[in-house]
Every structure is written in structure tokens, then in C-alpha cells.
Amino acid sequence: MRVLPFLLLSVAFVSLASAQEGLFVREHNITVREHNITYSLGMESFYVEERMLFEKPGDPFTFEGELYFIRGDAEDVEVTGYPYKVSQTSPRKIILEFMISTGQKKRVSLKYRRSDLITEKDGVFVYRGLALGDYPWTVNTAKIEFIAPEGYQFGRYSPDTGYFKGGDKDSIIFRLSLLENASAIFSGFPVEIEYADYKSLTRREIELSEMQIATAEFEVGLGNITLEKLASEGGNASLYQSTYAIALAALKDARINYRKALSYKKNGRYYEAYSSARAAGRLARLAIDEARKLRAAEAKISASRDRVVIEAQPPESEEAPSEEKRTDAQDEYPYIPIFILAALLIMGMLFLLFRRPEREDTKGPGIHRLSLKKRHTHGFEKEIERIKKRKDLASQIRELMRQRKSLEEELENVRKSLAAGKITEKEYTMKRNNLLRDMGKLDTEMGSLEAELEKIKKGGK
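Predicted, not measured: the structure shown is a model, and the values here were computed from it.

> Just checking my understanding: could you explain the overall build of the protein for this structure?
Broken down by element type, the protein carries 11 helices and 14 strands. Here the protein holds 461 residues, and 37% of them are scored as buried. In the protein, the proportion of contacts linking residues at least 24 apart, taken out of those at least 6 apart, comes to 74%. About 28,100 Å² of surface is accessible on the protein, with carbon and sulfur atoms providing 55% of the total.

This is the structure in C-alpha cells:
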């Protein structure tokens, strides 16, 4: 007859909410002396083994009812120790038909597979979730171990209280106790762990950072030339000194991190090598961006100067009246041409009647004035020709810069394709070499045009 009250309690227990269940379980003095969990991580899912030692130290004498564990999208569930069932709802509930009396110790083990707490980006996997759940009973001690897939290593993880088993970076262990980690015991233990094949990723990142540093060196070199050019033309180069300084400092830091990556790789510290190589790549891209700002500024200044020169030219409408205007004047005053012609004929006749014979002098003032006029006209036409040529050269240079920028964007897309695994290293090398060769041709052509433009600016032909 003493079993009847506990059967009634078990029926009430099933209908209560989780908070009520927690209160109910704690009132019956159910605790877990040890809770050991092993997470075997994978690329698409992870396998979990949980081993718990339940005990009941005090009154009431017996607890009988259902205990359940919420386990996300758990599949392939196996339980030893008690009869169980698994709900088909989301999240899954593993429900145990549980019974324990005062002074007893009961062992329970759970095994299942999950995939809902893993994400991946650029070859790096992340486990993020509660490694120890929020339970309606008290856990005295817990040991949580994460095992990386074969050939993989752990990278960044939190909290930082974990330690590597045996010094190897393929297993991390966290230990908790009620005395030292009360908040984690009662409210759950959140963990975030990164893992990857850092050995392979290190090779990829070192190669990418090496190419980015080479590009940065080229761009920073051009930025220095641009800075000197702005100074030689009388521009305010000090405005761009800070931009160049940032680019140069970023390039130096990229080289330092690149050397660190090589050193870490040599010593088998692949995560550190990977991190340093990625830092080198980021710094190299910063140097490239800052150096290109200088070239963009120089191109803008050059375009502004060309625009000022073009605007200074006399408009075509001032050189000669349009045909339409002449036609309108003739329609309004039809007799003007006749009067002008008659006046010219009369003046010519008077000149022939009254002119005095003069000695021919090829060096007279009339001839001299004509010569000056011809020279003045020739000089003006020459200046117009120089302005037009400068405008044409500037236009060609801008077009070449546009083509080069397009090639740079294509090279960046090729690098991203390699990083994403869309193309092989052999395909990447071939495409990269072709793009760099085309960029070199454009740079040579731009250099020649810039030299010619500079010569014209200084007064050359």
C-alpha cells in the first residue's frame, strides 16, 4: 500500500512543467555524483556518450517516475540502465522510466548522434552549445571531453579553463564541480570550440598571404612613386603621407606575421601558423587598399588639371560665327554685301589714282608685321596641339588604369576560388601568372604614356 502514494506522485510528475519537475526531483533528493560526457566531433555531426551515476541520499525513501533529457535532433539513441522512449518532437526528449531508493546508486548511459550544434566556414568547423545541460537535479562533478576528427586539431576555444589531453591538440577536457563551478552546474555549461585540418589550411593560407604580400609590395612601390611625383609637381604631398605610412606599416607587419607562420609550421604548431598566415593576408590587403588610394588621388588631381586646361581654351563659337547666324544676318540685311563691294571698288580706284611710286623694300615694316603675325599664329596653334595631345594621353592612361583595376578584381576572384576549393592549385597558378603578365604589360604601357605626358607638361614636343 505504500507504493500507491508514489504512483500518484509519478502521474502528477508527468503533467508538470519542467520547472515543476525540477522542484519535484530536488525535493526527492536525487543527485548525480558523476556525469562524464565525451563528444566525438565530425564534419557533419558528432557522437555523444554520457555516463551518469545517480544516487539518493535521504528521504523520502523511494522515487519513482519519469526523467527526461532534451537532446536537440538526437538520432540513433541507445540507453542502458532503465527502460526509455524517445519523442518524435523537436527537440528530442529521451524519457526514462526511473526508480531509485534511499542509499541506492544507479548508473545510466546515453548514446546518440547530433548535428544541430555544428557550423562550418572556410574549412573551419565550430561546435557551439551547452556541453552540460540545465538539469532538475544537482551534479556534484562533471568531466567533459571533446575529441577532434582524425587529422584535425583544435583552434580557438572558450571558456579557456579547458586543457589539452596529453599535450596533443586533438582532445580538450573540461572539469566542473559543484564547489568551484556552481553556476555552470545549475544553469548549464556553454562551450564554443573551433577545429579544422589546420595543417592543410596552413599551406593554403601561407601561399595566399605570400601572393598578397607580393602584390602589396608592388602597390606600395607605386604609391611611393606617386607620392614623389605629387611632390615634384608642386602638389601638397604631405596630405598623403599618412596614407602611405599606413600602407608601409601594414606591409611590414604582414611580412612579420608571414615569417611567424613559417616558423610555427616548421615546429608543427599548425593552428598558430594558420592564424599568423591569415593575419599576414589581412595586413597585406590593408597595405594594398591604402597604397591604391594614393594612385586614385593622383589620377583625380591629373584629371582635374586636364579639365582646367581644356576649359581655358577659347570656345569654338568665338572663332567664327556659325553658318546659321550668317544666314540670318543676310536675310535681315540683304543689301549689305552690295554696299561693301561697291565701297571696296571705289577705294581701290582712288588708291590707284593717287598712290605714289615707292621703292621696293623686302625688309620694310609691312613685311615685318606680316612675319610677326605668322609667328604668333603658329605659336597659338602649337599650344592648342599640345593641349589636345595632353588630353589624349590622360584619357589613354585612365583607360589603362581601368583595365588594370579589372584585372586586379579578376585576380582577387581567382584567389577566392582557390580558398573556397572551386579550383585546383595548378589552375590557380596558371590563371594568376596570366593575369600578372597582363598587368605587367599595362604597367609598362602606362609608364611610357606617363613619361610622355610629363615631357609635354615640362615643355617638350
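> Please explain the nonpolar core as it appears in this structure.
Grouped burial of nonpolar side chains is what soluble globular proteins tend to show. Of all hydrophobic cores here, the largest spans 48 residues; its most connected members are Tyr39, Phe54 and Phe146. With residues near it in sequence (within four places) discarded, tyrosine 39 still touches Phe46, Tyr47, Val48, Tyr127, Leu130, Ala131, Ile144, Glu145, Phe146 and Ile147.

> I would appreciate a short explanation of the sheet that holds strand β2 (residues 46-55) in the present structure.
Either a parallel or an antiparallel arrangement is found when strands of a sheet pair, and the pairing is made through backbone hydrogen bonds. What the 7 strands build is an open sheet, ordered β4-β7-β2-β1-β10-β13-β12; its pairing is mixed. Pairing within the sheet leaves two strands with one partner each, and these edge strands are β4 (75-80) and β12 (163-164). Here β12 runs beside strand β13 (residues 171-177); their pairing, made up of 2 bridges, is antiparallel. Residue tyrosine 163 lies in a different strand from β13, and its bridge partner there is isoleucine 173.

> How should I be thinking about the environment of isoleucine 288 in this particular structure?
For isoleucine 288, the position within the fold is in helix α6 (residues 270-312). Isoleucine 288 sits 70 residues away from phenylalanine 218 along the chain, and the two C-alpha atoms are 8.6 Å apart.

> Before we go on, may I ask you to explain helix α5 (residues 241-266) in this structure?
Owing to its 3.6 residues per turn, the α-helix brings residues three or four apart onto one side. Helix length check: α5, at 26 residues, gives a terminal C-alpha distance of 38 Å against a target of 38 Å (1.5 Å per residue), a fit within 8%. Three or more residues of α5 are buried, namely Thr243, Tyr244, Ala247, Ala250, Leu251, Ala254, Asn257, Tyr258 and Ala261. Looking one or two residues beyond α5, the residue adopting positive phi is glycine 268, at roughly 80°.

> Any chance you could explain the side chain of threonine 243 here in plain terms?
Note on placement: threonine 243 falls in helix α5. With sequence-adjacent residues up to four places away left out, threonine 243 is seen in contact with Glu290, Lys293 and Leu294.

> Please clarify how the confidence of the model for the protein should be interpreted in this entry.
Low pLDDT marks stretches whose predicted atomic positions should not be read closely. Mean pLDDT over the protein: 78, with 71% of residues reaching 70 or higher. Here helix α1 (residues 3-15) stands out as the least confident element of the protein, with mean pLDDT 36; β2 is the most confident, with 97. This model gives residues 1-20 a pLDDT under 50, and the stretch forms 17 contacts once residues within four places in sequence are excluded. In the model, residues 356-376 has pLDDT below 50 throughout and makes 2 contacts with residues more than four positions away in sequence or in other chains.

> What exactly am I supposed to notice about the packing of aromatic side chains here?
The relation between two aromatic rings is expressed through the spacing of the ring centres and the mutual angle of the planes. Under the counting rule described, the total for this entry stands at 21 aromatic pairs. Ring geometry for tyrosine 39 versus phenylalanine 146: centroids 4.7 Å apart, planes at 10°, classification stacked. Here tyrosine 39 is found in strand β1 (residues 31-41), whereas its partner phenylalanine 146 is found in strand β10 (residues 138-147), with 107 residues between them in sequence. Summarising the aromatic geometry, the rings of tyrosine 157 and phenylalanine 174 are spaced 6.4 Å apart at their centres and angled 80° between planes, so their arrangement reads as edge-to-face. Note that tyrosine 157 is positioned in strand β11 (residues 153-158) and phenylalanine 174 in strand β13, a separation of 17 residues in sequence.

> I keep staring at unusual backbone geometry and nothing clicks. Help me out?
Along the chain, serine 90 connects to proline 91 via a cis peptide bond; the corresponding omega equals 5°. Along the chain, proline 91 turns up in the loop between β5 (84-86) and β6 (93-101). A cis amide bond links serine 158 to the next residue, proline 159, at an omega of 0°. Topologically, proline 159 is positioned in the loop between β11 and β12. The phi torsion at aspartate 76 lies on the positive side, around 55°, for a residue other than glycine. Mapped onto the secondary structure, aspartate 76 falls in strand β4. The residue aspartate 122 is not glycine, and still its phi comes out positive at about 55°. Along the chain, aspartate 122 falls in the loop between β8 (118-121) and β9 (124-132).

> Explain the sheet that holds β8 to me, please; I cannot follow it from the model alone.
As summarised here, the arrangement of the 4 strands in space is β8-β9-β14-β11, forming an open sheet in which the pairing is antiparallel. Single-partner strands in this sheet number two, and they are β8 and β11. Averaged over all pairs of adjacent strands, the angle between strand axes in this sheet comes to 25°, irrespective of strand direction. Here β8 pairs with β9 via 4 bridges, running antiparallel. Residue isoleucine 118 lies in a different strand from β9, and its bridge partner there is tyrosine 127.

> I'm lost on the side chain of threonine 31 in this one. Help?
Within the secondary structure, threonine 31 sits in strand β1. Relative accessible area serves as the criterion here: at 16%, threonine 31 is assigned to the buried category. If sequence neighbours within four positions are ignored, threonine 31 has contacts with Leu53, Phe54, Glu55, Pro57 and Thr138.

Criteria and cut-off values
Residues numbered from 1 in each chain as written. Predicted model: local features only at pLDDT ≥ 70, side-chain atom pairs only at ≥ 80, totals over all residues. Heavy atoms only, no water. Helix = DSSP H or I, 4+ residues; strand = E, 2+ residues; numbered from the N terminus. Buried < 20%, exposed > 50% of the residue type's maximum accessible area, 1.4 Å probe, protein only. Contact = heavy atoms within 4.5 Å. Areas by Shrake-Rupley, 256 points an atom, 1.4 Å probe, with all protein chains shown as cover. Core = buried A, V, L, I, M, F, W, Y, C linked by side-chain atoms within 4.5 Å. Pairing = 2+ DSSP bridges. Expected span 1.5 Å × (residues − 1). pLDDT = per-residue confidence, 0-100. Phe/Tyr/Trp six-rings, centres within 6.5 Å; stacked < 30°, edge-to-face > 60°. Axes fitted to C-alpha atoms, helices over the stretch in contact; angles between N-to-C directions.

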